[in-house]
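Chain by chain, the residues run as shown.
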Amino acid sequence: MGMDMLSSGLATCRHSLTPRQMQEALTPGHLKKAKLMFFFTRYPSSTLLKTYFLDVQFSRCITSQLIKWFSNFREFYYIQVEKFARQALLEGVVDACTLQVSRDSELFRALNMHYNKGNDFEVPGRFLEVASLTLQEFFSAVRAGKDADPSWKKPIYKIISKLDSDIPEGFKAAGCSQELLHS
DNA sequence: GTGCGACCTG
DNA sequence: CAGGTCGCAC
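Residues numbered from 1 in each chain as written. Chains lettered and ligands numbered in written order. Predicted model: local features only at pLDDT ≥ 70, side-chain atom pairs only at ≥ 80, totals over all residues. Heavy atoms only, no water.

Draft legend 1. Structural context of the packing of aromatic side chains. Inspection of the entire model under this criterion finds 18 aromatic pairs. Relative to Phe-121, the ring of Phe-40 has its centre 6.3 Å away and its plane inclined at 70 degrees; by these criteria the two rings are edge-to-face. Here Phe-121 lies in the loop between α4 (106-115) and α5 (125-143) and Phe-40 lies in the loop between α1 (28-37) and α2 (46-52), a separation of 81 residues in the sequence. Between Tyr-77 and Phe-127, the aromatic rings sit 6.0 Å apart at their centres with planes inclined by 50 degrees, giving tilted as the arrangement. Of this pair, Tyr-77 sits in helix α3 (residues 60-90) while Phe-127 sits in helix α5, placing them 50 residues apart in sequence. (Phe/Tyr/Trp six-rings, centres within 6.5 Å; stacked < 30°, edge-to-face > 60°. Helix = DSSP H or I, 4+ residues; strand = E, 2+ residues; numbered from the N terminus.)

Structure follows, in structure tokens:
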């Protein structure tokens, strides 16, 4: 009721900055690059991001936007995995161990479609391992009825957050979006 | 106070 | 994906 909507956070980006200060926003190319980076890291720190987007003039807004992107990536990722985990449960899967995400599985297709649209990047095998583990964790949790707890996903996030791997140096190159589009 | 993450919404 | 809110930690 009448409260000012001036909450802190991303919305505070609009300030009286000179044209030169507020220049250089993130481009579609940066987004594409970020999506591919997701195959290696699900929880990149702002520090790490700064070292992989050397062509970006970081500001609180830019940093927040990049962090937000990965947050959105994770959201999509976990939703997809959970969906397939529940589906496997309904289909009568018994051993969580038998749930492996391969390059020809439907889950992979969905994820690859989202983060690697043109399928022009070779997804690292490590990502398949992480995805498989995530799938198994969700499967086991749901099967055990853990989802009754409002915060049942937290333990899973904790596990997955420790599985980030190093990002290839090639990603540091400004126009890497082009070179990476091989194989 | 600020930064970050999850969750919800459009 | 961006916008906003809430909660947690520093």
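Draft legend 2. Molecular detail of the protein's contact with DNA strand B. In the region of DNA strand B, the neighbouring residues are Tyr-43, Ser-46, Arg-60, Ile-67, Lys-68, Ser-71, Arg-74, Glu-75, Lys-154 and Tyr-157. The sugar-phosphate portion of DNA strand B accounts for 77% of its atoms within 4 Å of the protein, the bases making up the rest. Side-chain polar atom of Lys-68 to a base nitrogen of DNA strand B: 3.4 Å apart, as the coordinates give it. Among the residues making up the surface near DNA strand B, the classes are represented as three nonpolar, two polar and five charged. (Near = heavy atom within 4 Å. Polar contact = N/O pair within 3.5 Å; in protein donor to acceptor, adjacent residues only side chain to side chain. Nonpolar A, V, L, I, M, F, W, Y, C, P; charged D, E, K, R; others polar.)

Draft legend 3. Spotlight on the packing of α3 against α5. Where α3 meets α5, the axes come as close as 8 Å, and the angle between the chain directions of the two elements is 55 degrees. The angle between α3 and α5 falls in the class oblique. Between α3 and α5 lies a crossing whose hand is right-handed. Counting all contacts with α3, which are made through Tyr-77, Tyr-78, Val-81, Glu-82, Phe-84, Ala-85, Arg-86, Ala-88 and Leu-89, the residues of α5 involved are Phe-127, Val-130, Ala-131, Thr-134, Leu-135, Phe-138, Phe-139, Val-142 and Arg-143. For the contact of α3 with α5, the residue count by class is 14 nonpolar, one polar and three charged. (Axes fitted to C-alpha atoms, helices over the stretch in contact; angles between N-to-C directions. Parallel < 35°, antiparallel > 145°, perpendicular 65-115°, else oblique. Left-handed = near helix turned anticlockwise from the far one by under 90°. Contact = heavy atoms within 4.5 Å.)

Draft legend 4. Geometry of the pattern of salt bridges. Throughout the structure, instances matching the rule amount to seven salt bridges. With its nearest N and O atoms 3.8 Å apart, the salt bridge here joins Arg-42 to Asp-164. Placement of Arg-42 in the loop between α1 and α2 and of Asp-164 in the loop between α6 (154-160) and α7 (176-179) is noted, with a sequence separation of 122 residues between them. Its relative accessible area of 0% is what places Arg-42 among the buried residues. When the shortest N-O distance is used, the salt bridge between Glu-169 and Lys-172 registers 3.3 Å. When its relative accessible area of 55% is taken as the criterion, Glu-169 is described as exposed. What makes Lys-172 partly exposed here is its relative accessible area of 27%. One connected set of salt bridges, linked through shared partners, spans Glu-82, Arg-86, Asp-147 and Lys-153. (Salt bridge = Lys/Arg side-chain N within 4 Å of Asp/Glu carboxyl O. Buried < 20%, exposed > 50% of the residue type's maximum accessible area, 1.4 Å probe, protein only.)

Draft legend 5. Structural view of the protein's contact with DNA strand C. As a structural note, the neighbourhood of DNA strand C is formed by ten residues, with Gln-65, Lys-68, Trp-69, Asn-72 and Phe-73 the closest of them. Across the atoms of DNA strand C situated within 4 Å of the protein, the share located in sugar and phosphate is 57%. At 2.7 Å, a side-chain N or O of Lys-68 approaches a base oxygen of DNA strand C. It is α3 that provides the largest number of residues to the surface near DNA strand C, a total of five residues.

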